[in-house]
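Structure assessment
One-letter residues, chain by chain:
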Amino acid sequence: MASCGIICVKYLMFLFNLLFALTGLLILTVGAIIQSSYHHYSNFVDDSVWVAPILLIIVGSIVFIIAFFGCCGAVKENSCMVLTFSVFLIIIFLLEFGIGIAGYVKHGQLEDILEKGFNSTLHNYNKNVDSQHAWSLIQSELKCCGIRGPSDWEQVFHNSTLPASCCVQMPANEPECTKEYSLKNGCMPELLALLQKNALILAGVGIGIAIIQLLAVCFACCLSRAFKRNYEAV
């Protein structure tokens, strides 16, 4: 009976580690998608904002290594390896908890960070090629113009001229983009909404995975005790 119970425990451990590996893949994927999709807006956002997705990529990779300890512990019926698995899980949980706190703090500061980034690149538009490329990219992708609207460009050009990326469609006889044909919505509200949406996704993924990992710690501790009792009985 004891042998049958241990075999069941092994299968449960394998199934659990498969689930755990999938959560690691999910963490890594979410971090990679956010990093690759929005990092080109880094001219407008403080570098510290991008720490969370990078950490998620690292954590996701580490989770695969941790899953290895769980598998080996189940195969060898090694309570020490299963406990090591539990300790690593707790460390990962604390790391994710720290990421969550940092994300919450940055979420509250996000509007101020964007305001500073947008104003800096706007004022450097005529002096810095990177700022020009950054504005062209964000206005083209988010279908927006200026920080809060086309009027922001008056402090750069000192006339009614706007960057070409502010105008989606213009009459053929118009030589340059002007307010009459420009997009009316500003880029800062668009990017802020986009980043806040991603922050909610990160928070949801983090909470879901944290719950799974807490259950994992309890499960692994139970397995370790089961292995010890089995050997003591033998």
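Residues numbered from 1 in each chain as written. Predicted model: local features only at pLDDT ≥ 70, side-chain atom pairs only at ≥ 80, totals over all residues. Heavy atoms only, no water.

Going by this rule: UniProt positions are given in the numbering used here, feature names are shortened, and annotations may be inferred rather than shown by experiment.
You'll find the chain entered in an unreviewed UniProt entry as Tetraspanin, with Phlebotomus papatasi given as the organism. Under the UniProt heading Sequence similarities (unreviewed entry), the note attached to the chain is "Belongs to the tetraspanin (TM4SF) family."

**Here's the deal with the overall build of the chain**
Just so we agree on the cut-off: Only DSSP runs of H or I with at least four residues qualify as helices, and only runs of E with at least two residues qualify as strands; both kinds are numbered from the N terminus onward. Each residue is assigned to one of three classes by its accessible area relative to the maximum for its type, calculated with a 1.4 Å probe on protein chains only: buried under 20%, partly exposed between the two thresholds, exposed over 50%. Per-residue and other accessible areas follow the Shrake-Rupley method at a 1.4 Å probe size, with only the shown protein chains counted as cover for residues.
Along the backbone of the chain there are six helices and two strands. Beginning at the N terminus, the succession of helices and strands in the chain can be written as α-α-α-α-α-β-β-α. The buried share of the chain, reckoned over its 234 residues, is 40%. Total accessible area on the chain is roughly 12,700 Å²; 67% of this is exposed by carbon and sulfur atoms.

**Focus on the packing of aromatic side chains**
The condition that has to hold: Aromatic contacts are taken between Phe, Tyr and Trp rings whose centres are within 6.5 Å, Trp giving its six-membered ring; a plane angle under 30 degrees counts as stacked, one over 60 as edge-to-face, and the others as tilted.
The final tally for this structure, using the stated rule, is seven aromatic pairs. Where Tyr125 meets Trp153, the ring centres are 4.8 Å apart and the plane angle is 70°; that geometry is what we call edge-to-face. Residue Tyr125 is found in the loop between α3 (79–123) and α4 (129–142), and its partner Trp153 is found in the loop between α4 and α5 (154–157); the two are separated by 28 residues along the sequence. Of the residues examined, Tyr125 reaches a relative accessible area of 12% and is grouped as buried. Where Trp135 meets Trp153, the ring centres are 5.1 Å apart and the plane angle is 75°; that geometry is what we call edge-to-face. Linking Trp135 in helix α4 with Trp153 in the loop between α4 and α5, this pair joins segments that are 18 residues apart in sequence. Trp153 shares its class with Trp135; the two are buried. Members of the aromatic cluster, each reached through a chain of ring pairs, are Phe44, Phe118, Tyr125, Trp135, Trp153 and Phe157.

**Description of the state of the cysteines**
Linking two cysteines covalently through their sulfur atoms gives a disulfide. In plain terms, the rule: Any pair of cysteine sulfurs within 2.5 Å is marked as a disulfide.
One pass over the full model with this rule turns up three disulfides. Note on cysteine connectivity: Cys145 is disulfide-linked to Cys166, with sulfurs 2.1 Å apart. Judged by the torsion about the S-S bond (85°), the Cys145/Cys166 disulfide is right-handed. With Cys145 in the loop between α4 and α5 and Cys166 in the loop between β1 (161–162) and β2 (177–178), this pair connects stretches of sequence that are 21 residues apart. Of the two residues, Cys145 and Cys166, both sit in the buried class. The disulfide that involves Cys167 links it to Cys177, with 1.8 Å between the sulfurs. Measuring the twist about the S-S bond at about 75°, one finds the Cys167-Cys177 disulfide to be right-handed. With Cys167 in the loop between β1 and β2 and Cys177 in strand β2, this pair connects stretches of sequence that are 10 residues apart. Taking relative accessible area as the criterion, Cys167 reaches 10% and is therefore assigned buried.

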